[in-house]
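Chain by chain, the residues run as shown.
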Amino acid sequence: MKFAYRFSNLLGTVYRCGNLNFTCDGNSVISPVGNRVTVFDLKNNKSDTLPLATRYNIKCVGLSPDGRLAIIVDEGGDALLASLVCRAVLHRFHFKGAVHSVSFSPDGRKFVVTKGNLAQMYHAPGRKREFNAFVLDKTYFGPYDETTCIDWTDDSRCFAVGSKDTSTWVFGAERWDNLIYYALGGHKDAIVGCFFESGSLDLYTLSQDGALCVWQCDTPPEGLRLKAPAGWKADLLQREGEDEDEGKDEDEDGAERETTIRGKAAPAAEEQRGKVQYSRVAKYFFNKEGDFNHLTAAAYHKKVHLLVTGFASGIFHLHELPEFNLIHSLSASDQRVSSIAINGSGDWIAFGCSGLGQLLVWEWQSESYVLKQQGHFNSMVSLAYSPDGQYIVTGGDDSKVKVWNTLSGFCFITFTEHSSGVTGVTFTTTGYVIVTSSMDGTVRAFDLHRYRNFRTFTSPRPTQFSCVAVDSSGDIVSAGAQDSFEILIWSMQTGRLLDVLSGHEGPISGLCFNPMKSVLASASWDRTVRLWDMADSWRTTETLALTSDALAVTFRPDGAELAVATLNSQITFWDPESAVQTGSIEGRHDLKTGRKELDKITAKHSAKGKAFTALCYSADGQSILAGGMSRFVCIYHVKEQILRKKFEISCNLSLDAMEEFLNRRKMTEFGNLALIDQDATEEGGVTIPLPGVKKGDMSSRHFKPEIRVTSLRFSPTGRCWAATTTEGLLIYSLDARMLFDPFELDTSVTPAQIRAALCQRDFTRAILMAFRLNERKLLQEALESVPWDEIGVISSSLPDLYVEKVLEFLASSFEESRHLEFYLIWTQKLLMVHGQQLKSRVGTLLPAVQFLQKSIQRHWDDVSKLCDWNRYNMQYALAVSKQRGLKRPSEPPGSEEEADASEDDDSSMHLLRRGPGDGDGPLA
């Protein structure tokens, strides 16, 4: 099995912190999620996470006007210049300080970064290759406190910067004679947003206390005059025969004056003469008297004159400026609105709420949601793939169960019936029922047809369930109790409790049914794994004695092997028939745990208490996936018992336990800075956690979550695997585009030879050579050259070894090709001709067949919906056309209501009446 798995998507987390952006076409939202960036395509209903990551959580994202480039800056001041076209990092840069915001000029030539109490303007990187993509142009001083926001004029001549010291500064991007800088006051709190009016220097400023000031400028943008050259430039123009040394000295002085602009809050009267002047025209207040709702985010659309403001209570307002007319006011969330963005047309507004991890896109004219997504509020605990691999279900500590579509990346249903944390989730073999266990003492079954909770299983006495499993028939549900050490068995059909299995002397940590037999394996902290036979009155057939507490148990897909993860970081393999141990893997050195900031011992010593907590076999059963209290996920070869590959799921230093050694910069003479509660009331304050807590101290307002893998699952198709981690639900898939993997290749197999065989209509030889070279475009060309009426003959002449490869190629082609019927004929002929031979190799072929089923099922769903809709439309059109030819009978005199009622009855009778030409099926 190939292991070219690459990170492909991040689900379960839609927004963490930072600013939202719309792409230039207005159809996609760019959302920062931790240290990654996700693009939500609203038109095609897809989400895609870019394959790049920063070292810390992302603070701000600046998008170029043409939508090709993005500057992504993290909390540490590190910046990535990324291309959104080729989805790659072009340049890395460090701003040497925390950056609050970044903004490109409308002409795309410059960009401004606010850092500390100053603003820096850089030359924007172009399309040509450059030695240094970030060249500093000017540095602007003026505010006394941190700068918070930036806005440019339409012609890129000036920009405004807001600050926490309640002032707003207008700076010239060029050396204008009548506008170098201008300071505006008028507020009593920190500036949240400043916006220029379209085509003018008029300005709107908003402060945190909910005040809006309207500033009018006495000069149009065309009235700005370039400053006459001074210093060495003027001298150079007048007399060109000066000494070289003197020119050099003046050059240095002039350069300092050119690149640094120092503003004064109260300039002298002589300096103001002949300069641009601002006057405050109006001041408006969002809050009513006695209301203290902080304004937290704002956005302004210049063409539509639409101002959107978000508040700490989750409310947002829409106003029309400059009259300040309220359009509407609604509540988007229970938590503060962190970021707002408006698309280019002004129709859609995106809201990000970092407290709950919400992302909303609102169409304000129709007052409807375009997108409404929210991840799990607390960490995800468990996940399961549906049998066809189309859906993933996740359960979290926030008591919610969410179902995600793997193709679109969106959550399409959330179940909230549980009242405490969800500990286990699983699908039945039909794929339409989800069974979940929870700490609230219930096991619930959810129906994916009607989206409802149709069964609730409870225990005779209250208990907390730690895991759940469903047998292959889907009729037997089992759950392990955490405090009574029992396993409870229910019937899915009746909902009745069938049996209570006792025998374990510790909490049940994992349950798993044998896929091929009616045998249940249960792992416990009492250092045993018990096998229960369902056919023999739930009698214990075997008890497997372990050397340490069992943390996870799983069967191989063919049911012939059992794997158990224990507390001493070992994975042991057992034969469930003979109860004999067949092998073991020592995984302590592969876990590579990090040292937490508040740990008193080194990472090497703390690793002794860490172990694998999640296990999963690959689809073919040859490998096993393991993860736990670490940032690494390991894939082991079961037979050879060696490490095949190790995946690092995150490089985000904003999470705890990421570094192996303590950061020496944080060590002072008073001890570790992480232990010092610098200011717990401020945002980002640290408090010392309580001893013994697993997931950070919830009593502290801000804590660093610890990196961990809570659950792992391989897709039934074998093409991808998923992991629930602190960052969210990570999907890793095979990247076949970058892989050259020939099969039985020799010197005679070339693209020219394949095309020559196609010209001679020797299709079988061309297909076999194309599969030996294994290049996707040649495979497609060879298969699509076969006439449809000859597919049956070609299929029968293919050797058995190549049939599996053809089926895999057909399954992947269904996802992107429009030749649906052609590939369906290929699939049908192959399965009919080679069906008997394929049955004998069902174990190795199962992933390929499931991948094929998933692709065909998706097309069937799409086409059936389209056909139902077209059928309904045609029936409706027929009914209306028949109704037009009929004359209505004269209505008896009566009230208008009776007339209306009779009209409705008459029209409905005509619609329901069917002629001989109508279809056989019922009307939709």
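Right above here is the structure, for reference.
Residues numbered from 1 in each chain as written. Predicted model: local features only at pLDDT ≥ 70, side-chain atom pairs only at ≥ 80, totals over all residues. Heavy atoms only, no water.

**A look at the overall build of the protein**
- The number of helices and strands found in the protein is 13 helices and 59 strands.
- Residues classed as buried in the protein amount to 50% of the 924 residues present.
- Residue pairs in contact within the protein that sit at least 24 positions apart in sequence constitute 49% of those at least 6 positions apart.
- Surface summary for the protein: the accessible area is close to 44700 Å², and the carbon and sulfur share equals 51%. (Helix = DSSP H or I, 4+ residues; strand = E, 2+ residues; numbered from the N terminus. Buried < 20%, exposed > 50% of the residue type's maximum accessible area, 1.4 Å probe, protein only. Contact = heavy atoms within 4.5 Å. Areas by Shrake-Rupley, 256 points an atom, 1.4 Å probe, with all protein chains shown as cover.)

**Things to note about the packing of helix H10 (residues 800–814) against helix H11 (residues 820–839)**
- In contact at an axis separation of 10 Å, H10 and H11 are set at 150 degrees when each is read in the N-to-C sense. For the element pair H10 / H11, the angle class is roughly antiparallel. H10 and H11 meet at a crossing whose hand is left-handed. Only Leu820, Tyr823, Leu824, Trp826, Thr827, Leu830, Leu831, His834, Gln837 and Leu838 of H11 make contact with H10, whose side of the interface consists of Asp800, Val803, Val806, Leu807, Phe809, Leu810, Ser813 and Phe814.
- Within the contact of H10 with H11, the residues separate by chemical class into 13 nonpolar, 4 polar and 1 charged. (Axes fitted to C-alpha atoms, helices over the stretch in contact; angles between N-to-C directions. Parallel < 35°, antiparallel > 145°, perpendicular 65-115°, else oblique. Left-handed = near helix turned anticlockwise from the far one by under 90°. Nonpolar A, V, L, I, M, F, W, Y, C, P; charged D, E, K, R; others polar.)

**A closer look at the environment of Tyr284**
- Within the element layout of this structure, Tyr284 appears in strand S22 (residues 278–285).
- For the pair formed by Tyr284 and Val214, sequence separation is 70 residues and the distance between their alpha carbons is 8.4 Å.
- Each residue touching Tyr284, except ones within four places of it in the same chain, is listed here: Gly210, Ala211, Leu212, Val214, Pro322, Glu323 and Phe324.

**Notes on helix H8 (residues 776–784)**
- Every buried residue belonging to H8 is among Leu778, Leu779, Ala782 and Leu783, and all of these are buried. The buried residues of H8 occupy an angular sector of 125 degrees when the element is viewed end-on, so they sit on one face.
- On its buried face, H8 sits against helix H6 (751–759), helix H7 (763–773), H10 and H11. (Arc of directions from axis to C-beta.)

**Observations concerning the environment of Phe316**
- With respect to the helices, strands and loops of the structure, Phe316 is situated in strand S25 (residues 315–320).
- On the accessibility criterion, Phe316 (3% relative accessible area) is buried.
- Between the C-alpha atoms of Phe316 and Thr296, which are 20 residues apart in sequence, the distance is 10.0 Å.
- Residues in contact with Phe316, not counting those within four places in the same chain, are Thr309, Gly310, His328, Ser329, Leu330, Ala332, Phe351 and Trp362.

**So, the packing of aromatic side chains**
- With the rule as written, the count across this model stands at 40 aromatic pairs.
- Between Phe822 and Tyr823, the aromatic rings sit 5.8 Å apart at their centres with planes inclined by 70 degrees, giving edge-to-face as the arrangement. There is no split in this pair, since Phe822 and Tyr823 are both buried.
- Each member of the aromatic cluster is reached from another via a ring pair, and the members are Phe93, Phe95, Phe104, Phe111, Tyr122 and Phe134.
- The side chain of Arg36 reaches across the aromatic face of Phe7, ending 4.0 Å from its centre.
- The ring of Phe632 has Lys646 lying over it, and the distance from NZ or CZ to the ring centre is 4.7 Å. (Phe/Tyr/Trp six-rings, centres within 6.5 Å; stacked < 30°, edge-to-face > 60°. Lys NZ or Arg CZ within 6 Å of the ring centre and 35° of its normal.)

**A closer look at the side chain of Asp398**
- With respect to the helices and strands, the residue Asp398 is situated in the loop between strand S32 (391–396) and strand S33 (401–405).
- Buried charge without a salt bridge: Asp398, with Lys400 as the nearest opposite-charge side chain at an N-O distance of 4.8 Å.
- Polar side-chain contacts of Asp398 include one of 3.2 Å to the side chain of His376.
- Excluding residues within four positions of it along the chain, Asp398 makes contact with Gly375, His376, Phe377 and Asn378. (Lys, Arg positive; Asp, Glu negative; His and termini not counted. Salt bridge = Lys/Arg side-chain N within 4 Å of Asp/Glu carboxyl O. Polar contact = N/O pair within 3.5 Å; in protein donor to acceptor, adjacent residues only side chain to side chain.)

**Let's talk about a nonpolar patch on the surface**
- Together, Trp869, Tyr872 and Tyr876 line one region of the surface with nonpolar side chains, adding up to about 350 Å² of accessible area.
- In this structure, Tyr872 sits in helix H12 (residues 842–884). (Patch = residues over 30% accessible without salt bridge, like charges linked within 9 Å, V, L, I, M, F, W, Y side chains within 5 Å.)

**Remarks on the pattern of salt bridges**
- Counted under the stated rule, the structure contains 21 salt bridges.
- Note that Asp66 and Arg68 form a salt bridge whose closest N and O atoms lie 3.8 Å from each other.
- Between Lys164 and Glu146 there is a salt bridge whose closest N-O contact spans 3.7 Å. Placement of Lys164 in the loop between strand S15 (158–163) and strand S16 (168–172) and of Glu146 in the loop between strand S13 (135–141) and strand S14 (147–152) is noted, with a sequence separation of 18 residues between them.
- Given a relative accessible area of 39%, Lys164 falls into the partly exposed group.

**Observations regarding the sheet that holds S16**
- Spatially, S14-S15-S16-S17 is the arrangement adopted by the 4 strands of the open sheet, whose pairing is antiparallel. The open sheet terminates on both sides in strands that have one partner only, identified here as S14 and strand S17 (181–184). Looking at each pair of strands side by side, their axes are set apart by 20 degrees on average, direction ignored.
- As paired strands, S14 and S15 are joined by 5 bridges and run antiparallel to one another. In the strand pairing of S15, Trp152 is matched with Phe159. (Pairing = 2+ DSSP bridges.)

**Overview of the pairing of strand S29 (residues 358–363)**
- Among the 6 residues that make up S29, 5 are buried, leaving the element largely enclosed by the rest of the structure.
- Here 6 bridges tie strand S28 (residues 348–353) to S29, and the two strands are oriented antiparallel to one another. Within S29, the residue paired with Ala350 across the bridge is Val361.
- Relative to strand S30 (residues 368–374), S29 runs antiparallel, the two sharing 6 bridges.

**Here we look at the sheet that holds strand S27 (residues 339–342)**
- What the 4 strands build is an open sheet, ordered S27-S28-S29-S30; its pairing is antiparallel. Of all the strands in the sheet, just S27 and S30 have a single pairing partner and so form its edges. Strand-to-strand twist across the sheet, computed as the mean angle between neighbouring axes with direction ignored, equals 10 degrees.

**So, unusual backbone geometry**
- Look at the link from Leu321 to Pro322: it is a cis peptide, with omega at 5 degrees.
- Inspection of the secondary structure puts Pro322 in the loop between S25 and strand S26 (325–331).
- Residues other than glycine seldom take positive phi values, yet Asn45 does so here, at roughly 55 degrees.
- The topology assignment puts Asn45 in the loop between strand S4 (36–41) and strand S5 (46–49).
- In this model, Gln641 sits at a positive phi of 55 degrees, which is unusual for a non-glycine residue.

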